[in-house]
Amino acid sequence: MIPRARHFVAAALSSALLIVPAFTGIAAQAAHAAVAPSKVYAVPLAKTLADVKRVADYWRPDRLKKTDLSTPATPGSGAASTTSSGAAAGPAAATTAVKRTTAAAGVNPVPPRKGNAANTMGKVFFRFGDKEYWCSAAAVAAKNRSVVATAGHCAYDSRTAKPADYWIFVPTPDPNGEAPEGIYVGASISLHEDWSGKGDYDYDYAFVTVHRGFAWASKDGGYVMQDIGRLQDNVGGLGLELNKKPGTYTVTAFGYPAGQQPDGSHPYDGKTLQKCLPGNTRFTVAPGRDLQKGVELTPCDFSPGASGGPWVIGYDDSRRLGSLAGVNSLTWNRDAKGRYDSVSAPYFDTTTGEVYRRAAGLNTLPNVT
């Protein structure tokens, strides 16, 4: 994943605590209240039709069938010492100051327009430099019908102050590399300056606005793009819950884990969606990753590849819908045994809502073919 964390470190935070990508929270609830005015960065990805076609051409069917050779992204150990990237907070031209509001309304989940069960969850594929990575992600209901939620480290490298390249979202990818719900090229990443500037895991989330989807169709021995419409219309969108107090709700975490466990085993292959059953949440911290207000879910044995996968409150198995309350950011091995035992996410508060609203308000190309 991000160069700063391409190595998957399982360092001990204490004699019984290890971290990777998941999230832990804050010990003091007061830290959520006094939040300074924030800035949201809208960093462009594919801006023009030519950009979209360049990305699409990279992810032709033959390459998608080989994505299991890509690296499941992980931000590294949450137990690592705090480091400063020395990078600027982000491209100045892409910065948008956002006036803080005192409250942030939630968003209701939305089913697909066809009325079928939703297929909001999937994988994102991208490159940092010349290396391919993938993460987990989910579609979120938005007024532009085109927003994907994932981890910040699955979209923007805070060490080099550069966004991912060739970024796409594939809902419910087939284990064989097919894209039954289409491919959606990233148009813009909306994130908080404290992720882009210093890799603060309190803000390890990103809302990516995507262009209309396309499907590959065979023609004359090759492939052509066919426009299939907006993401939300096709797969639905999760709702969004903000300012939920840990310990007052249960949540189900989803993702495509594939990475190695502390004992060297690989119980997951990253090809099928996995979930950690609804569990209790609590505040947690990881000072080495600048995480002061995290939320931890136990039990959960997710490994690299699950990064960016959604935490869903009130998940309905029949409709496959619920409301987003976090994304997998850091994983933990608190008992220092063979498997990870919990996962954590940044606390979704009013500031998170500002980042989301930025992504939900952006326009994209009217067609991609």
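Everything below is about the structure shown above.
So, here's what we can say about the structure. (Residues numbered from 1 in each chain as written. Predicted model: local features only at pLDDT ≥ 70, side-chain atom pairs only at ≥ 80, totals over all residues. Heavy atoms only, no water.)

**Thoughts on the nonpolar core**
F126, W167, F207 and L324 are the most contacted members of the largest nonpolar core, which has 59 residues in total. With 6 residues, the single largest contributor to this core is strand 7 (residues 131–140). Setting aside its immediate chain neighbours within four residues, L324 contacts V140, A149, F207, L238, G239, L240, E241, P310, W311 and F348. In terms of nonpolar packing, the next biggest core, distinct from the first, is built from 21 residues, V55, F125, F214 and L365 among them. (Core = buried A, V, L, I, M, F, W, Y, C linked by side-chain atoms within 4.5 Å. Buried < 20%, exposed > 50% of the residue type's maximum accessible area, 1.4 Å probe, protein only. Helix = DSSP H or I, 4+ residues; strand = E, 2+ residues; numbered from the N terminus. Contact = heavy atoms within 4.5 Å.)

**Looking at empty space enclosed by the protein**
Under the defined criterion, the tally for this structure stands at 2 cavities of 30 Å³ or more. Within this model, the largest cavity holds a volume of roughly 60 Å³. Along the walls of the largest cavity sit E241, L242, N243, K244, Y249, V295, W311, A325, A345, P346, Y347 and F348, which together make up its complete lining. Across the lining of the largest cavity, the residue classes break down as 9 nonpolar, 1 polar and 2 charged. (1 Å grid on protein atoms, 1.4 Å probe; cavity = no way out; pocket = protein on both sides within 12 Å on 5 of 7 lines; lining within 4 Å. Points joined across faces, edges and corners; volume = space filled by probe spheres on them. Nonpolar A, V, L, I, M, F, W, Y, C, P; charged D, E, K, R; others polar.)

**Thoughts on the state of the cysteines**
Going through the model one piece at a time under the given rule, you end up with 2 disulfides. A sulfur-sulfur separation of 2.0 Å characterises the disulfide bridge that pairs C135 with C154. Between C135 and C154, the S-S torsion sits near -75°, and that sign places the bridge as left-handed. Note that C135 is positioned in strand 7 and C154 in the loop between strand 8 (147–150) and strand 9 (156–157), a separation of 19 residues in sequence. Judged by relative accessible area, which is 0%, C135 ranks as buried. Here C276 connects covalently by a disulfide to C300, the sulfurs 2.0 Å from one another. The S-S bond linking C276 to C300 shows a torsion near 70°; that makes this disulfide right-handed. Here C300 lies in the loop between strand 19 (291–298) and strand 20 (310–316) and C276 lies in strand 18 (residues 274–286), a separation of 24 residues in the sequence. The same class applies to C276 and to C300, which are both buried. (Disulfide = S-S within 2.5 Å.)

Keep in mind that these numbers describe shape and distance, not what the molecule does.
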